[in-house]
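Spelled out, the chains give:
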Amino acid sequence: MEWANQLCENRQFGSKMTDSKYFTTTKKGEIFELKAELNSDKKEKKKEAVKKVIASMTVGKDVSALFPDVVNCMQTDNLELKKLVYLYLMNYAKSQPDMAIMAVNTFVKDCEDANPLIRALAVRTMGCIRVDKITEYLCEPLRKCLKDEDPYVRKTAAVCVAKLHDINAQLVEDQGFLDTLKDLISDSNPMVVANAVAALSEIAESHPNSNLLDLNPQSINKLLTALNECTEWGQIFILDCLANYTPRDDRESQSICERVTPRLSHANSAVVLSAVKVLMKFMEMLPKDLDYYSTLLKKLAPPLVTLLSAEPELQYVALRNINLIVQKRPEILKHEMKVFFVKYNDPIYVKLEKLDIMIRLASQANIAQVLAELKEYATEVDVDFVRKAVRAIGRCAIKVEQSAERCVSTLLDLIQTKVNYVVQEAIVVIKDIFRKYPNKYESVIATLCENLDSLDEPEARAAMIWIVGEYAERIDNADELLESFLEGFHDESTQVQLQLLTAIVKLFLKKPTETQELVQQVLSLATQDSDNPDLRDRGYIYWRLLSTDPVAAKEVVLAEKPLISEETDLIEPTLLEELICHIGTLASVYHKPPSAFVEGSRGVMHKRLPARTGSGESTESPDVGAAGGSAPEAAPSIIPSQGDLLGDLLNLDMAPPTTSGPPPPSTGMQMGGMDLLGGGLDSLLGGDIGGSPAMGAGFGAAPAVMPASLNAPVGGGLGDLFDLGGVGMPMGAYIPPKIVWLPAMKAKGLEISGTFARRAGVIQMELILTNKAMSVMTDFAIQFNRNSFGLAPAGPLQVLTPLGPNQTIEVSLPLSTVGPVMKMDPLNNLQVAVKNNIDVFYFSCQYPISMLFVEDGKMERQVFLATWKDIPNDNESQFQIKDCHLNSDAASSKLQGSNIFTIAKRTVEGQDMLYMSIKLSNGIWVLAELRVQAGNPNYTISLKCRAPEVSQCVFQCYEAVLKN
Amino acid sequence: MIGGLFIYNHKGEVLISRVYRDDIGRNAVDAFRVNVIHARQQVRSPVTNIARTSFFHVKRSNIWLAAVTKQNVNAAMVFEFLYKMCDVMTAYFGKISEENIKNNFVLIYELLDEILDFGYPQNSETGALKTFITQTGIKSQSKEEQSQITSQVTGQIGWRREGIKYRRNELFLDVLESVNLLMSPQGQVLSAHVSGRVVMKSYLSGMPECKFGMNDKIVIDKQGKGGASEEAAGKSDLGGSGGGGGKQSIAIDDCTFHQCVRLSKFDAERSISFIPPDGECELMRYRTTKDIILPFRVIPLVREVGRTKLEVKVVIKSNFKPSLLAQKIEVRIPTPLNTSGVQVICMKGKAKYKASENAIVWKIKRMAGMKESQISAEIELLPTNDKKKWARPPISMNFEVPFAPSGLKVRYLKVFEPKLNYSDHDVIKWVRYIGRSGIYETRC
């Protein structure tokens with residue numbers, strides 16, 4: 001509104017009488033003034049007032065209060081005034097439906113006016129007033145107008161049917177307007193035909209299955225005739241409608257194409273693109289050995305090139321479409337590379353799209369030119385553009401083998417520029433080049449390594465790490481390089497973490513002697529300290545592979561990778577087909593199907609290219625082979641941005657395999673038999689290493705107790721699952737209810753549920769095995785993975801009789817705490833393998849840590865005090881136990897049952913302070929201070945421990961014990 | 001289809017807002033302002049999707065025109081319509097500026113009501129529109145006039161009204177070409193093309209049938225085979241004044257025509273026949289890539305003398321008939337960002353270093369064909385520790401020459417008006433050729 005005020009001055013200076021003055025009334029009370037002016041007797045004054053009202057409306061001011069006054073001005077023979085009033089009505093009728101009725105009479109009258117312009121205006125405006133009551137009155141005038149003698153009225157009425165359908169579809173059907181509209185397709189006036197086609201097409205979209213348009217050879221013929229005569233816009237409506245038709249055979253298809261091709265010379269780009277759409281679609285049906293087929297192909301190229309001399313916005317639309325066309329039929333534009341060269345002052349959106357198409361068109365014939373261009377682009381200013389250019393050079397190398405060497409040297413030149421983002425982009429593409437041409441360009445690795453420090457983007461870091469891992473045997477200081485990345489492991493993005501994990505495992509498999517520490521470090525970082533499930537899973541898989549069968553690990557991790565394919569970023573073929581059917585539309589600009597951005601059902605029908613008719617020819621795209629040797633034999637497969645699981649295992653996540661890679665040999669997991677998780681690593685490491693102390697902690701025989709330094713925080717998460725669990729104690733102590741650990745579905749019919757208990761100082765795993773399969777199960781065995789507290793079966797699993805179908809057996813397995821130790825996440829997680837005659841099954845479960853609280857956990861008071869002071873305050877953690885209604889004594893005795901011993905009790909200001917001690921099976925002491933305030937159901941507990949990561953688990957036990 | 005159309009000033013204040021579809025609300029007006037006009041980063045696409053609403057925009061000086069939709073519309077059509085909208089507005093009130101838009105807002109609403117119905121573009125030819133939408137208010141029309149208007153707006157020849165009368169029948173043809181070049185430093189042509197337009201201004205009575213002929217290779221070859229035809233006689237009618245040489249025919253890569261041209265006839269016989277709109281229209285656009293006469297050749301020599309000095313020498317050679325004169329010649333030699341001073345010596349014209357544009361601009365008013373001129377410059381550079389090399393943008397050129405670099409010649413333009421009493425010979429015809437530089441660049 002500021003500008004409106006400025007213009008006020010214009011008027012004062014007596015500037016010309018122009019419309020801008022209507023924007024000036026912003027003062028208070030203006031509505032009142034306007035009202036008076038609207039009701040003035042003088043026609044001129046009235047008109048001025050209405051103009052002011054419209055100006056206010058434009059800037060978003062609410063002038064709906066003037067509704068009755070404005071409507072009063074409607075009865076006039078001044079067409080200009082009438083138009084203004086109608087404009088107002090369209091805006092406000094919806095908010096004032098009752099008053100809008102006042103206008104109906106005038107509308108109905110106007111629809112019968114002698115002047116066709118007024119008749120059309122009335123019917124056009126009436127359709128825009130979305131008020132139910134008015135719609136009812138619209139039907140009769142509309143019916144008349146659809147049959148009006150004047151084509152201008154008919155063409156307006158045709159669109160009005162679509163408007164009415166949008167408001168009340170049922171009404172349109174009931175009134176039979178659809179049939180009248182269909183009749184208009186045979187109208188003598190081309191514009192009436194075009195608008196009828198547009199209206200019908202729109203209505204048909206919301207009735208996907210109706211045969212509303214009823215396209216048949218006769219009606220198509222009518223459309224093609226009208227095509228030559230109607231306005232440019234009408235031609236677009238007709239062509240877009242034609243594109244939905246499927247010809248009966250190749251002859252009909254050809255004759256339509258012949259009549260559509262002249263449109264390729266139209267000055268309007270939209271006409272050209274819609275014609276291209278029809279041709280691209282109908283070409284599908286032509287036999288490719290037909291002369292006409294190749295003529296048509298030749299005819300398509302020039303108009304597409306001409307589109308590039310249109311205004312930049314249209315160029316953008318054209319380029320997005322050409323991108324699709326080039327993927328579908330590369331032969332059309334294969335000689336037109338030069339027109340896609342980027343001009344210095346193209347807008348950036350045009351530049352980026354051109355670059356894309358250049359890569360698609362790159363071939364042996366033109367690669368020299370393309371490379372020279374790309375090198376120029378890589379020195380431009382716009383960062384996105386430069387990056388894309390660098391990436392394009394890499395893609396050229398992959399696409400055109402003969403150029404690979406030149407591309408690599410160009411990339412090296414670019415790396416020498418030391419421009420940060422250029423270097424990073426270059427490294428990313430060089431990684432892909434290595435994937436395509438292994439063992440060919442490794443000499444450049446040294447140069448790459450020099451730039452290690454400047455890499456700050458995840459993708460570039462990941463690529464560099466991949467290269468180091470892949471070629472670890474040729475890089476002397478590979479371990480140092482990788483170690484340098486490891487320092488900030490947790491700050492890296494997942495992509496880098498995964499890559500680093502894989503690279504170090506590769507390095508280890510290649511140079512086992514020097515890198516055990518490194519591999520251990522990364523495995524523990526990945527499995528124990530990370531919250532990311534993907535990373536943890538991959539870590540565990542590697543860990544298990546390494547510990548089970550290093551030979552298999554080698555086979556899996558160092559497996560030969562399939563070469564990556566030539567084409568990248570191709571649109572998936574079915575989507576491409578659909579997008580070809582949408583050439584010229586928004587879908588082709590977004591490269592997304594309409595359903596991805598259109599609300600509701602309208603236009604969401606999936607369109608398909610027609611199949612070729614005729615003698616048993618396959619429906620695959622006919623261009624294969626037609627383009628000579630250059631067309632790929634099979635549809636090139638697409639490299640998705642995110643790999644599948646198999647790809648992940650094969651560390652191909654940055655550029656997953658083209659054919660699904662060989663599945664990781666499953667034998668490694670199974671061949672162990674009873675020695676499921678045994679120390680097979682020795683065979684890889686050789687005897688001399690097996691005994692080294694460093695190995696002891698991780699892979700070798702486990703120490704009896706857990707190393708005192710567990711130096712990472714516990715990730716909570718899964719621990720909560722067992723919150724409800726209690727402490728297994730005799731004498732009515734709470735034992736967590738049994739839960740299903742292994743559902744039958746995952747274990748070929750074997751279902752395992754169970755719980756843990758501590759009975760008379762012995763930890764027991766209580767299992768229920770149920771056979772839900774049809775056959776008998778025998779030969780049960782159980783084994784644990786290394787775990788935080790060294791839990792291990794103290795004896796074999798006692799299932800003596802075979803387990804028949806539908807039989808259930810309860811087994812109690814005593815556990816010892818002298819097994820191998822490995823920190824788990826969560827801490828109380830236990831991974832179990834159960835074997836029977838059918839297979840080996842894996843599951844994991846969590847045990848309540850209270851199971852590990854030993855009976856001699858009562859500390860001397862003095863020792864307690866000294867220890868409490870001794871443990872740094874950083875190790876103290878505080879928790880709240882809510883809604884616990886025990887008094888301090890009851891709590892104390894309840895806790896004692898679970899080997900949590902109260903050493904002292906103090907009462908300060910009505911608050912009971914209980915001091916307690918706990919000793920874990922591995923010798924770790926936990927000291928606790930429990931504060932209970934009478935009448936307050938919330939307890940506060942402070943835990944102090946030299947290994948603070950157990951605190952969370954201990955707290956959970958407190959909660960479980962106190963609440964049960 | 002188009003759901004709404006908004007026009008904003010550079011501040012993002014809405015000047016015109018017209019909603020055609022119920023799915024577009026007033027909030028769309030704000031969404032575009034916030035996400036595009038006021039966006040922190042320059043928007044990188046002319047199509048923006050905000051909350052499932054697509055916005056198409058074009059900018060004319062500092063005015064934004066935005067078309068809004070929620071459907072899968074024909075995107076090319078929307079842009080074509082926006083351009084058309086600009087043309088129509090220009091035809092009615094001149095330059096598209098904030099002031100002009102405000103001064104004509106009633107007119108614009110009236111136009112928008114007429115040329116877009118429910119988001120479907122309708123007849124948008126100014127010739128037709130001006131018959132019934134005027135700035136001065138609508139005069140009452142007789143019944144005949146009314147039906148004439150409606151038949152013209154909806155008719156086959158929507159671009160021309162009946163009953164036009166001139167005392168003197170006259171037509172002007174302008175062949176306007178822009179020649180584009182990208183040349184390597186070594187003088188190799190990387191890409192070159194001419195994009196040309198034939199603009200016709202006609203002041204002819206009645207409904208004249210016109211036929212246009214040029215030295216199109218396909219037509220000439222056909223005639224060569226088929227023997228002389230009636231068109232050969234027309235050859236003397238309108239001789240072109242070619243610049244480069246006596247090329248008989250040219251190969252046209254592609255051409256597009258104004259909607260008045262009968263495309264099916266062109267497709268079948270390659271003849272260009274039409275009834276022209278009254279006044280000015282762009283009859284044809286074309287593109288050629290073969291045998292282009294490059295009016296100028298730029299020979300650059302850039303030498304880096306140490307880290308703080310550049311020596312630049314540029315020679316331009318004119319390559320057309322010595323009798324012709326090129327005009328408005330301008331050579332733009334980019335300089336590095338860290339330029340501290342420039343000394344220029346040129347034999348002809350004036351040269352200036354423009355620090356704000358990072359370029360030496362060398363202007364020559366006129367230059368005859370087959371001549372040569374030279375400029376040399378010493379550029380002092382400030383030492384920098386910027387690792388990034390100077391990108392060396394290409395040297396660009398502007399000029400205007402009085403011939404068609406493509407070699408196109410108008411052979412004839414014949415006019416028939418069967419109903420009125422004037423013949424082709426009575427029509428006064430003028431042809432003019434202007435070749436301008438498009439993007440005419442030489443890398444250095």
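Small disclaimer: the values here were computed from a predicted structure and weren't measured. (Residues numbered from 1 in each chain as written. Chains lettered and ligands numbered in written order. Predicted model: local features only at pLDDT ≥ 70, side-chain atom pairs only at ≥ 80, totals over all residues. Heavy atoms only, no water.)

Here's the deal with the overall build of chain A
- The number of helices and strands found in chain A is 40 helices and 13 strands.
- Counting all 964 residues of chain A, 59% fall into the buried class.
- Look at the contacts in chain A between residues 6 or more apart in sequence, and 67% of them connect residues 24 or more apart.
- As displayed, chain A offers around 38,100 Å² of accessible surface, 51% of which is attributable to carbon and sulfur atoms. (Helix = DSSP H or I, 4+ residues; strand = E, 2+ residues; numbered from the N terminus. Buried < 20%, exposed > 50% of the residue type's maximum accessible area, 1.4 Å probe, protein only. Contact = heavy atoms within 4.5 Å. Areas by Shrake-Rupley, 256 points an atom, 1.4 Å probe, with all protein chains shown as cover.)

Describing a positive patch on the surface
- A cluster of like positive charges, contributed by B:K350, B:K352, B:K363, B:K365 and B:R366, occupies part of the molecular surface.
- Secondary-structure elements contributing two or more residues to the positive patch are β18 (350-354) and β19 (359-368) of chain B. (Patch = residues over 30% accessible without salt bridge, like charges linked within 9 Å, V, L, I, M, F, W, Y side chains within 5 Å. Salt bridge = Lys/Arg side-chain N within 4 Å of Asp/Glu carboxyl O. Lys, Arg positive; Asp, Glu negative; His and termini not counted. Charge placed at Lys NZ, Arg CZ, Asp CG, Glu CD.)

A few points about the side chain of A:D110
- Within the secondary structure, A:D110 is located in helix α6 (residues 97-110).
- Filtering out sequence-adjacent residues up to four positions away, A:D110 remains in contact with A:K82, A:Y86, A:I118, A:R119 and A:A122.

Remarks on helix α4 (residues 105-115) of chain B
- Most of α4(B) sits out of view: eleven of its eleven residues are buried.
- Turning to α4(B), its buried residues number three or more, namely B:F105, B:V106, B:L107, B:I108, B:Y109, B:E110, B:L111, B:L112, B:D113, B:E114 and B:I115.

Regarding unusual backbone geometry
- A:D825 connects to A:P826 through a cis peptide bond whose omega is -5 degrees.
- Its place among the elements puts A:P826 in the loop between β6 (808-816) and β7 (829-835).
- Of note, A:K418 is a non-glycine position whose phi angle comes to about 65 degrees, a positive value.
- Note that A:K418 resides in the loop between α22 (404-416) and α23 (420-436).
- By relative accessible area, which is 35% here, A:K418 ends up partly exposed.
- In this structure, B:A51 is a non-glycine residue whose phi angle is positive, near 50 degrees.
- Within the element layout of this structure, B:A51 appears in the loop between β3 (47-50) and β4 (53-60).

Let's talk about the pairing of strand β12 (residues 925-933) of chain A
Residue and element names in this part refer to chain A.
- The pairing of strand β11 (residues 911-919) with β12 spans nine bridges and is antiparallel. Considered in β12, the bridge of S917 is made with L927.
- If you look at the hairpin formed by β11 and β12, you'll find five residues sitting between the two strands, and G923 has a positive phi there, around 95 degrees.
- Taken together, the six bridges between β12 and strand β13 (residues 939-945) define a ladder with antiparallel strand orientation. Within β13, the residue paired with R931 across the bridge is T940.
- What sits between β12 and β13 in their antiparallel hairpin is a turn of five residues, with G935 showing a positive phi close to 85 degrees. (Pairing = 2+ DSSP bridges.)

Structural notes on the pairing of strand β10 (residues 901-908) of chain A
Residues and elements named next belong to chain A.
- Relative to β11, β10 is paired through seven bridges, and the arrangement is antiparallel. Paired with T907 across the strands is D912, a residue of β11.
- Linkage of β10 to β11, two consecutive antiparallel strands, is achieved through a turn of two residues, within which E909 is found at a positive phi near 50 degrees.

Points about the packing of aromatic side chains
- Within this structure, the stated rule accounts for 31 aromatic pairs over all chains.
- With a centroid separation of 6.0 Å and 75 degrees between ring planes, the pair formed by B:F32 and B:W64 is classed as edge-to-face. Linking B:F32 in helix α1 (residues 27-37) with B:W64 in strand β5 (residues 63-69), this pair joins segments that are 32 residues apart in sequence. Taken as a pair, B:F32 and B:W64 share a single burial class, namely buried.
- In textbook terms, an aromatic cluster arises when at least three aromatic residues are bridged by ring pairs, as seen for B:F6, B:Y8, B:F32, B:F55 and B:W64.
- One Lys or Arg, A:K351, reaches over the ring of A:F385 and ends 5.5 Å from the middle of that ring.
- Of note, B:R21 hangs over the ring of B:F118, and the distance from its end group to the ring centre comes to 3.5 Å. (Phe/Tyr/Trp six-rings, centres within 6.5 Å; stacked < 30°, edge-to-face > 60°. Lys NZ or Arg CZ within 6 Å of the ring centre and 35° of its normal.)

Quick word on helix α14 (residues 232-242) of chain A
- With ten of its eleven residues buried, α14(A) lies for the most part within the structure.
- Each element contacted by the buried residues of α14(A) is listed here: α12 (190-205), α13 (217-227), α15 (250-260) and α16 (269-283) of chain A together with α2 (75-93) and β7 (120-121) of chain B.

Focus on the confidence of the model for chain A
Residues and elements named next belong to chain A.
- On average, residues of chain A score 80 in pLDDT, and 83% of them are at 70 or above.
- When mean pLDDT is taken per element in chain A, helix α18 (residues 312-328) scores highest with 96 and helix α34 (residues 667-670) scores lowest with 37.
- In the predicted structure, residues 1-17 sits below a pLDDT of 50 and forms 26 contacts with residues beyond four places in sequence or in another chain.
- Low pLDDT, under 50, characterises residues 614-732; the predicted model gives this stretch 227 contacts beyond four residues in sequence or across chains. (pLDDT = per-residue confidence, 0-100.)

A closer look at the environment of A:Q96
Residue and element names in this part refer to chain A.
- Along the chain, Q96 turns up in the loop between α5 (79-92) and α6.
- Its relative accessible area of 18% is what places Q96 among the buried residues.
- Each C-alpha atom, one on Q96 and one on P68, is 9.6 Å from the other, the two residues being 28 residues apart in sequence.
- Apart from the residues within four sequence positions on either side, Q96 is in contact with S64 and F67.

Some points on the nonpolar core
- Counting 288 residues, the largest nonpolar core has A:Y88, A:L333, A:F434 and B:F56 as its most contacted members.
- When neighbours within four sequence positions are excluded, A:L333 is seen to be in contact with A:A301, A:L304, A:V305, A:I322, A:V326, A:F340 and A:L361.
- Formed by 64 residues, the second largest nonpolar core is a distinct cluster that contains A:L767, A:F841, A:V926 and A:F955. (Core = buried A, V, L, I, M, F, W, Y, C linked by side-chain atoms within 4.5 Å.)

Details of the interface of chain B and chain A
- Each partner contributes residues to the interface: chain B has 96 residues there, and chain A has 113 residues.
- For the pair chain B and chain A, the summed buried area comes to about 8,600 Å², and 55% of that belongs to carbon and sulfur atoms.
- At the junction of chain B with chain A, the criterion picks out 13 salt bridges.
- Residue A:R124 pairs with B:E114 through a salt bridge whose shortest N-O separation is 3.6 Å.
- At the boundary of chain B with chain A, the tally comes to 45 residue pairs in polar contact (both at pLDDT 80 or more).
- The element best represented in the side of chain B that touches chain A is α2(B), accounting for eight residues.
- Here the residues of the side of chain B that touches chain A are counted per class, giving 37 nonpolar, 30 polar and 29 charged. (Buried area = accessible area lost by both parts, 1.4 Å probe. Polar contact = N/O pair within 3.5 Å; in protein donor to acceptor, adjacent residues only side chain to side chain. Nonpolar A, V, L, I, M, F, W, Y, C, P; charged D, E, K, R; others polar.)

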